[in-house]
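One-letter residues, chain by chain:
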Amino acid sequence: MSATTSPADSSTATGGPTTTTTPTISTSTAAATVTNAIVKTVEAIISSTAPAASQSASPSPSGFSTPTQSPTSSSTPTTTASMGGPEEKLSVQDLSQTLQHFGVVDYLVFIAMLAVCAVIGVYFGFIEKKQKAKKKGQLAGKDGAGAAGVEERRGSEALDYLVGGRQMKVFPVALSLVASFVSGISLLGTSTEIYVYGTQYAFILVTLAISGAISWYIFLPVFCNLQLTSTYEYFQYRYGAGIRNFGAILFIVGTMLWLPVAIYVPAITYNQVTGTGIYVIMPIVCIICIFYTCVGGLKAVIWTDVIQSFVMFGSILAVCIKGTYDVGGLPVVLQRNEDSGRLNVPEWTWDPTVRLSMLSVIVGGTLHKMQSSDVNQVSIQRFLSLPSYEHAKRCMLVFTLLLIFLLSCCCYMGLVSYAVYHDCDPISTKLAKASDQLPSLLMMRTLGSWPGLPGLFVAGVFSAALSSLSTGLNSLACVVTQDIVRPLLRKPLTERQTAFWLRAIVVGFGFSCIGMVNIVEKLGNVIPLVTTTSAVTMGPLLGIYCMGVGLPWVKGKSVMVGSLVSFLALGWICVKAQLGKMNGEIRYPKMPVSVEGCDYSFDNATVFQAIHDYSPSERNLYHLSFFWYTAFGGVICTVFSLLASLFFGWEDLSQMDPALITPCMRRFLPNKNCQAVNMQDLFKR
């Protein structure tokens, strides 16, 4: 989760303006005050490179003063003799501005990342296309239409644009999957979640391995065997056109709810380190992403994801390594977190309203990750860009390992954040205006004095967002053209028409996402927001996928009833829960924080309210753990589908195509006079 507050107290994390009283300075000391403020800034940058072991003896520049006054008064700045004149303690606003030292080298690093992405789009959109046309002409000149016809079928517009001609390599696709699902939401939100609530969320790493193994064994054999472009084509073969349309609509709605959040998160990071408004940088970056996704297709998306993955790994590792060094090493990081109780485990309870219980993390988290990362249009589309099922299995293994490693780094960055700010919580004092700005604040403290590294971190966060946006837009183009547009047409689209529709859909949805960011800004903390809103669509889809491959007895009509009930039930719970979090009615227990080591002025009333006036709320149905949403939706869909089958009847298994069922369930189908064919031989045919 991304917030330094619980999802219920997003109003606290993004509270109203703070008021800070400062003493009136005479004209004769104004120049000295400005000079000493600059000196203070330099000292802050220099001290950020010193080991934090000394911080216990002397507070760091990003520390905070102890709120010993009454909660209605503001802390009074103190003065010390320095350089022959009085020195005023920096306020929150002044210190925040001093941290915004994004230099020329940082801008060059950031611009270089965007330029590389644009160049990749140009290459696959124009240069490679000309090379293919030239090659096709050479083949036609050698042996007539034979080889040229095969090449043309392999390089058809839709196949090439949506699945890369099914000729992609394992490692680039695995990196693309990591970049697609570890968005800026995960990079920033995961570390903030650890800072606020402790290491309970880190147990999600176990579920990544479990969900990957389930997908490997249950789902991949079915989809790789069918070789479909859109996974919702499977719904038509298995259930009928109604479920295919319903599933496609759910995917479109869920993706359009998720992408604006993925864009918003890096925008607030950029705002934190540069002071530039989110509505200035966001359109520029998104237009570049729309461009290379539009012209380059899946190949451009995957290869830009490769570049962006390396930037993400480098930026996170830089913060973790430098932050650990600054505080005095790994033992100090672990000791400070252990002393605060942050090295905790999920609660052992059956109560589903507990925010993170062991059951909700392992069971609910596994089902959520299985649907969000392994079994949906975005991931299956990438697996199908590989030449064979064996390649897909290797890709799944590499993807799971890389995903576990990157999220482990994000979790560790949360521990480093607390080790750095153990005695001066920047969220309570509003140095971090939004809880999700904490990682960028940590970055500026640890890497701010190193030219280029702040630019690398911001580029890493934006890389995660751009990869998520480009992946989502490409998958939206696939679903809309294959599942919405094509079935409505009497005649198949020509290559030129297909190219137009694919690119028009990317542009249309891309600009729609930019416009929806304004709504996201007002909806609270990002990871709970994403989990709750996306669960409305992922829950029913999880049930549809699982019953499709694992319960061959269930008919399409029964599944439609179950999925509608699941969608409505989850929609009601998620909307009510999100409203409760926005209004402060749902508040979860948080780990303790301190402001005893702070050395800049802040509003004591705000800090007192954030630390002492906060208390968890009483739990009810709408406190349901966010990890249970997807699992809850899948269970509702399955149960009501089975109940509806008592009315609509059961599927005739003698008419069921075994290719639509996972291999471990085919034993329940009637024996047919079929010949077993090796999958590799099937692909060769």
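Residues numbered from 1 in each chain as written. Predicted model: local features only at pLDDT ≥ 70, side-chain atom pairs only at ≥ 80, totals over all residues. Heavy atoms only, no water.

- An unreviewed UniProt entry lists the protein chain under the name Sodium-coupled monocarboxylate transporter 1 isoform X7, with Drosophila pseudoobscura pseudoobscura as the source organism.
- What UniProt records for the protein chain under Sequence similarities (unreviewed entry) is the sentence "Belongs to the sodium:solute symporter (SSF) (TC 2.A.21) family."
- The record held by UniProt for the protein chain lists under Subcellular location (unreviewed entry) the comment "Cell membrane". (UniProt positions renumbered as here; feature names shortened; annotations may be inferred.)

Quick look at the overall build of the protein chain
Part 1 of the reasoning: In terms of regular secondary structure, the protein chain is built from 24 helices and two strands.
Part 2 of the reasoning: Across the 685 residues of the protein chain, 58% fall into the buried class.
Part 3 of the reasoning: Partitioning the intrachain contacts of the protein chain with sequence separation of at least 6 by distance along the chain shows that 88% fall at a separation of at least 24.
Part 4 of the reasoning: Of the roughly 26900 Å² of accessible surface on the protein chain, 65% is carried by carbon and sulfur atoms. (Helix = DSSP H or I, 4+ residues; strand = E, 2+ residues; numbered from the N terminus. Buried < 20%, exposed > 50% of the residue type's maximum accessible area, 1.4 Å probe, protein only. Contact = heavy atoms within 4.5 Å. Areas by Shrake-Rupley, 256 points an atom, 1.4 Å probe, with all protein chains shown as cover.)

Let's talk about the side chain of Thr-199
Part 1 of the reasoning: One can find Thr-199 in the loop between helix 8 (184–197) and helix 9 (204–226).
Part 2 of the reasoning: On the accessibility criterion, Thr-199 (13% relative accessible area) is buried.
Part 3 of the reasoning: Residue contacts for Thr-199: discarding those within four places in its chain leaves Ile-194, Arg-342, Leu-343, Asn-344 and Leu-415.

Quick notes on the pattern of salt bridges
Part 1 of the reasoning: Tallied over the entire structure, the rule returns five salt bridges.
Part 2 of the reasoning: In this structure, Arg-486 and Glu-233 form a salt bridge, with 3.9 Å as the shortest nitrogen-oxygen distance. Here Arg-486, found in helix 18 (residues 453–488), pairs with Glu-233, found in helix 10 (residues 232–238); they are 253 residues apart in sequence, far enough to count as distant.
Part 3 of the reasoning: Residue classification places Glu-233 among the buried positions, given a relative accessible area of 10%.
Part 4 of the reasoning: In this structure, the salt-bridge partner of Lys-322 is Asp-326, at a minimum N-O distance of 3.0 Å. Of this pair, Lys-322 and Asp-326 both sit in helix 12 (residues 278–327), four residues apart, which is roughly one turn of that helix. As far as burial versus exposure is concerned, Lys-322 and Asp-326 are alike and both buried. (Salt bridge = Lys/Arg side-chain N within 4 Å of Asp/Glu carboxyl O.)

A closer look at the state of the cysteines
Part 1 of the reasoning: Throughout the structure, instances matching the rule amount to zero disulfides.
Part 2 of the reasoning: Looking at the unpaired Cys-637, the closest cysteine sulfur is the one in Cys-546, lying at 9.2 Å.
Part 3 of the reasoning: Exposure remark for Cys-637: the relative accessible area of 0% places this residue in the buried category. (Disulfide = S-S within 2.5 Å.)

Notes on the environment of Ser-360
Part 1 of the reasoning: Note on placement: Ser-360 falls in helix 14 (residues 358–374).
Part 2 of the reasoning: Residue Ser-360 is classed as buried on the basis of its relative accessible area of 0%.
Part 3 of the reasoning: Filtering out sequence-adjacent residues up to four positions away, Ser-360 remains in contact with Arg-355, Gly-365, Ser-625, Phe-627 and Trp-628.
Part 4 of the reasoning: A polar contact of 2.9 Å, which involves the side chain of Ser-360, links it to the backbone oxygen of Ser-357. (Polar contact = N/O pair within 3.5 Å; in protein donor to acceptor, adjacent residues only side chain to side chain.)

Section: the confidence of the model for the protein chain
Part 1 of the reasoning: Looking at the protein chain as a whole, its pLDDT mean stands at 78, while 80% of the residues score no less than 70.
Part 2 of the reasoning: Of all the helices and strands in the protein chain, helix 1 (residues 10–13) carries the lowest mean pLDDT, 35, while helix 13 (residues 330–339) carries the highest, 94.
Part 3 of the reasoning: Note that residues 1–35 has pLDDT below 50 and, in this model, 105 contacts with residues that lie over four places away or in other chains. (pLDDT = per-residue confidence, 0-100.)

What about the packing of helix 17 (residues 438–447) against helix 18?
Part 1 of the reasoning: Running from N to C, helix 17 and helix 18 cross one another at 155°; their axes reach a closest spacing of 9 Å. Considering their axes alone, helix 17 and helix 18 lie roughly antiparallel with respect to each other. Between helix 17 and helix 18 the crossing geometry is right-handed. The segment helix 17 lies against helix 18, with Pro-439, Ser-440, Met-443, Met-444 and Leu-447 engaging Leu-453, Pro-454, Phe-457 and Val-458.
Part 2 of the reasoning: For the contact of helix 17 with helix 18, the class distribution of residues is eight nonpolar, one polar and no charged. (Axes fitted to C-alpha atoms, helices over the stretch in contact; angles between N-to-C directions. Parallel < 35°, antiparallel > 145°, perpendicular 65-115°, else oblique. Left-handed = near helix turned anticlockwise from the far one by under 90°. Nonpolar A, V, L, I, M, F, W, Y, C, P; charged D, E, K, R; others polar.)

Describing the nonpolar core
Part 1 of the reasoning: Counting residues in each nonpolar core, the largest one holds 178 residues, and the members touching the most others are Phe-110, Phe-235, Ile-544 and Tyr-629.
Part 2 of the reasoning: Among the elements that make up this core, the one with the highest residue count is helix 12 (20 residues).
Part 3 of the reasoning: Not counting chain neighbours up to four residues away, the residues in contact with Phe-235 comprise Gly-240, Ile-243, Arg-244, Gly-247, Leu-541, Ile-544 and Tyr-545. (Core = buried A, V, L, I, M, F, W, Y, C linked by side-chain atoms within 4.5 Å.)

Side note on unusual backbone geometry
Part 1 of the reasoning: Located in the positive-phi region is Gln-227, a residue other than glycine, with phi close to 55°.
Part 2 of the reasoning: With a phi close to 70°, Lys-430 is a non-glycine residue in the positive phi region.
Part 3 of the reasoning: When you line up the elements, Lys-430 lands in the loop between helix 16 (389–420) and helix 17.
Part 4 of the reasoning: Judged by relative accessible area, Lys-430 falls into the buried class, the value being 10%.

What to know about a nonpolar patch on the surface
Part 1 of the reasoning: On the surface, a cluster of nonpolar side chains totalling about 660 Å² of accessible area is made up of Val-635, Val-639, Phe-640, Leu-642, Leu-643, Leu-646 and Trp-650.
Part 2 of the reasoning: With respect to the helices and strands, Leu-643 occurs in helix 23 (residues 628–648). (Patch = residues over 30% accessible without salt bridge, like charges linked within 9 Å, V, L, I, M, F, W, Y side chains within 5 Å.)

Some details on the packing of aromatic side chains
Part 1 of the reasoning: Taken as a whole and judged by the stated rule, the model has 19 aromatic pairs.
Part 2 of the reasoning: Here the aromatic rings of Phe-647 and Phe-648 are separated by 5.0 Å at their centres, their planes lie at 85°, and the arrangement is edge-to-face.
Part 3 of the reasoning: Aromatic ring contacts, followed pair by pair, group Phe-223, Tyr-232, Tyr-234, Phe-235, Tyr-239, Phe-251 and Tyr-545 into a single cluster.
Part 4 of the reasoning: Taking NZ or CZ as reference, Arg-355 lies 5.6 Å from the ring centre of Tyr-588, over its face. (Phe/Tyr/Trp six-rings, centres within 6.5 Å; stacked < 30°, edge-to-face > 60°. Lys NZ or Arg CZ within 6 Å of the ring centre and 35° of its normal.)

Structural notes on the side chain of Gln-200
Part 1 of the reasoning: Inspection of the secondary structure puts Gln-200 in the loop between helix 8 and helix 9.
Part 2 of the reasoning: Take Gln-200: its relative accessible area is 13%, and that puts it in the buried class.

Examining helix 12
In an α-helix there are 3.6 residues to a turn, and that puts residues three or four apart on one side.
Part 1 of the reasoning: Its 50 residues place the ends of helix 12 only 32 Å apart at the C-alpha level, less than the 74 Å of an ideal helix rising 1.5 Å per residue.
Part 2 of the reasoning: When you tally the buried positions in helix 12, you get 36 out of 50 residues, the bulk of the element.
Part 3 of the reasoning: One or two steps after helix 12, the chain reaches Gly-328, where phi turns positive at roughly 115°. (Expected span 1.5 Å × (residues − 1).)

With respect to the environment of Ser-211
Part 1 of the reasoning: Its place among the elements puts Ser-211 in helix 9.
Part 2 of the reasoning: Residues Ser-211 and Thr-400, spaced 189 residues apart in sequence, show a C-alpha to C-alpha distance of 9.1 Å.
Part 3 of the reasoning: Other than its neighbours up to four places away in sequence, Ser-211 contacts Thr-366, Lys-369, Met-370 and Asp-374.
Part 4 of the reasoning: Only 3.1 Å separates the side chain of Ser-211 from the backbone oxygen of Leu-208, close enough to count as a polar contact.

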